[in-house]
Amino acid sequence: MTRITDVRLREVLDSRGNPTVEADVLTESGGFGRAAAPSGASTGEYEAIERPAGEAIAAARETAVPRLVGEAFAGNQREVDGILRAADGTDDFSEIGANSAVAISMAAAKAGADVLGAPLFQHLGGTFRGDNFPVPLGNVVGGGEHAADATDIQEFLSAPVGAPSVAEAVFANAAVHAEVSELLHERDVAAGKGDEGAWAPSIDDAEAFDIVDEAVSTIEDEVGFEIRFGLDVAAAEMYDDDAGVYEYSNTTRDTDEQIAYVADLVEEYDLVYVEDPLDENDYEGFAKLTEKVGDRTLVCGDDLFVTNTERLAEGIEQGAANSILIKPNQIGTLTDAFDAIELARANGYESIVSHRSGETEDTTIAHLAVATDVPFIKTGAVGGERTAKLNELIRIADDAT
Ligand SMILES: O=C(O)[C@@H](CO)OP(=O)(O)O
Ligand SMILES: [Mg+2]
């Protein structure tokens, strides 16, 4: 039986050294699930609310845990997530915190899978989910909110689209990451790493494009399958609302210039993926860009949609993009994340499951991406909290979870 008998919450460390919420869910027949909430730095204005970990835990213990224990079934995800929403009583999880909500939601899913004796991806996706695997997008150079004094564009993402297996894709991204380091070294550029393990050199975006383009070509030749790259511009972070311009280190661009700039980049570098190219309130600008380049690249809304079906529905209405980033903690539960993926799919939008810049060893998103048969997962290239997900993908493909 998957009836929940206990929910334990504690503070654990995330990859930035901040406290985050970890949940254990136990069931009647001995099922056990454990999950931890990630945390963003370049958070969208419309995301569900992350409360300080201690406060989120105290609030969840008071309102949510008593409604789950002895009542809910861990195998019934919609029921668990419905109880979390009802216990919270707000639209944005500002009472128990989206961090408590998502940790409990994911831990319940794992406890449900444990009782069934099934891997999590199978519990979530079903036996007939197919045998596709997502292509990992690996962050190899970055800056923005994830590193000081580095590129303006937040993430340059290696995309091994032609990899014959998930393992080869994972190793290809690591090789591109290593090649970038070589190229930086050749140019005498010192570089530390940003929050997601990407190189964070003090160079401008133009030089970063040069380097990533070369690194991708070199590794593509080495491995013998197609590797392209993409971007998370995280443009909301550089948008100055009052002036109506995007602030780059060496220039500013108004909205039309930003659209033209990104469209040129897509053309010049044959980009496979462009996330948040415009401000999170600019559906119209997104739509203009999608009109221009949506037939040849994925225009993805992260801060624009925040995994929220209402915001996605608005985007679909306006033709604002052709894909959505899925981050369970942006919306608070796995049910909400599934609903967003389903709405996207029904309207011809692709979904890309994603990590956050603050992460733990939790591997739920690897299972979520496989369960929902999405084309891409964004979860870094190297670094323990990133390799936790990448190695789990390899294990899933190897039937070893
Ligand atoms: O913007 C993003 O897509 C994410 C993850 O790469 O960053 P953060 O978690 O800081 O929002
Ligand atoms: Mg983003």
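Small disclaimer: the values here were computed from a predicted structure and weren't measured.

What follows concerns the sheet that holds strand β1 (residues 4-13). Read from one edge of the open sheet, 3 strands run β1-β2-β3, paired in antiparallel fashion. At either margin of the open sheet sits one strand with a lone partner, and together these are β1 and β3 (32-36). Between one strand and the next, the sheet's axes are offset by a mean angle of 15 degrees, whatever the strand orientation. In terms of strand pairing, strand β2 (residues 19-27) meets β3 through 5 bridges, oriented antiparallel. If you follow L26 over to β3, its bridge partner there is F32.

Our next topic: the UniProt feature "binding site: Mg(2+)" (unreviewed entry) in the protein. Summarizing the sequence annotation, UniProt attributes the feature "binding site: Mg(2+)" (unreviewed entry) to D232, E275 and D302 in the numbering used throughout. For the annotated residues, spread through 71 residues, the largest C-alpha to C-alpha distance comes to 9.0 Å, consistent with a single compact locus. Topologically, D232 is positioned in strand β8 (residues 228-232). With relative accessibility at 1%, the residue D232 sits in the buried group. Those residues in contact with D232 that lie beyond four places of it in its chain are I153, Q154, E155, L157, E275, D276, D302 and K378. Tracing the backbone through its elements, the reader meets E275 in strand β12 (residues 273-275).

The description of an aromatic ring pair uses the distance of the two centres, along with the angle that the planes make with each other. Scanning the entire structure with this criterion turns up 7 aromatic pairs. Geometrically, the ring pair formed by F209 and F229 is tilted, given 6.2 Å between the ring centres and 50 degrees between the ring planes. Within this pair, whereas F209 is found in helix α7 (residues 205-223), its partner F229 is found in strand β8, the two being separated by 20 residues in sequence. Neither residue differs from the other here; F209 and F229 are each classed as buried.

This next bit is on the side chain of H355. Along the chain, H355 turns up in the loop between β15 (350-354) and α13 (364-371). At a separation of 2.8 Å, a polar atom in the side chain of H355 contacts the side chain of R386. Discounting residues that sit within four places of it in the chain, H355 has contacts with E196, K327, I365, K378, T379, G380 and R386.

Another aspect to go through is the site of ligand 1. Neighbouring ligand 1 are 16 residues, the closest being A41, E155, E196, S357 and K378. K378 places a polar side-chain atom, nitrogen or oxygen, 2.7 Å from an oxygen atom of ligand 1. Isolated, ligand 1 exposes 310 Å² of accessible area, and the fraction of that covered by the protein chains is 100%. No fewer than three residues from each of domain 1 (4-117) and domain 2 (135-397) sit in the shell around ligand 1.

A word on unusual backbone geometry. Unlike most non-glycine residues, F93 shows phi in positive territory, near 55 degrees. Within the secondary structure, F93 sits in the loop between α3 (77-88) and α4 (98-116). A relative accessible area of 0% means that F93 is categorised as buried. If you check the backbone angles, D373 has positive phi at about 60 degrees while not being a glycine. Within the fold, D373 resides in the loop between α13 and β16 (376-378).

Reading the values: rules and limits
- Residues numbered from 1 in each chain as written.
- Chains lettered and ligands numbered in written order.
- Predicted model: local features only at pLDDT ≥ 70, side-chain atom pairs only at ≥ 80, totals over all residues.
- Heavy atoms only, no water.
- Pairing = 2+ DSSP bridges.
- Helix = DSSP H or I, 4+ residues; strand = E, 2+ residues; numbered from the N terminus.
- Axes fitted to C-alpha atoms, helices over the stretch in contact; angles between N-to-C directions.
- UniProt positions renumbered as here; feature names shortened; annotations may be inferred.
- Buried < 20%, exposed > 50% of the residue type's maximum accessible area, 1.4 Å probe, protein only.
- Contact = heavy atoms within 4.5 Å.
- Phe/Tyr/Trp six-rings, centres within 6.5 Å; stacked < 30°, edge-to-face > 60°.
- Polar contact = N/O pair within 3.5 Å; in protein donor to acceptor, adjacent residues only side chain to side chain.
- Near = heavy atom within 4 Å.
- Areas by Shrake-Rupley, 256 points an atom, 1.4 Å probe, with all protein chains shown as cover.
- Domains from an automatic or database assignment.

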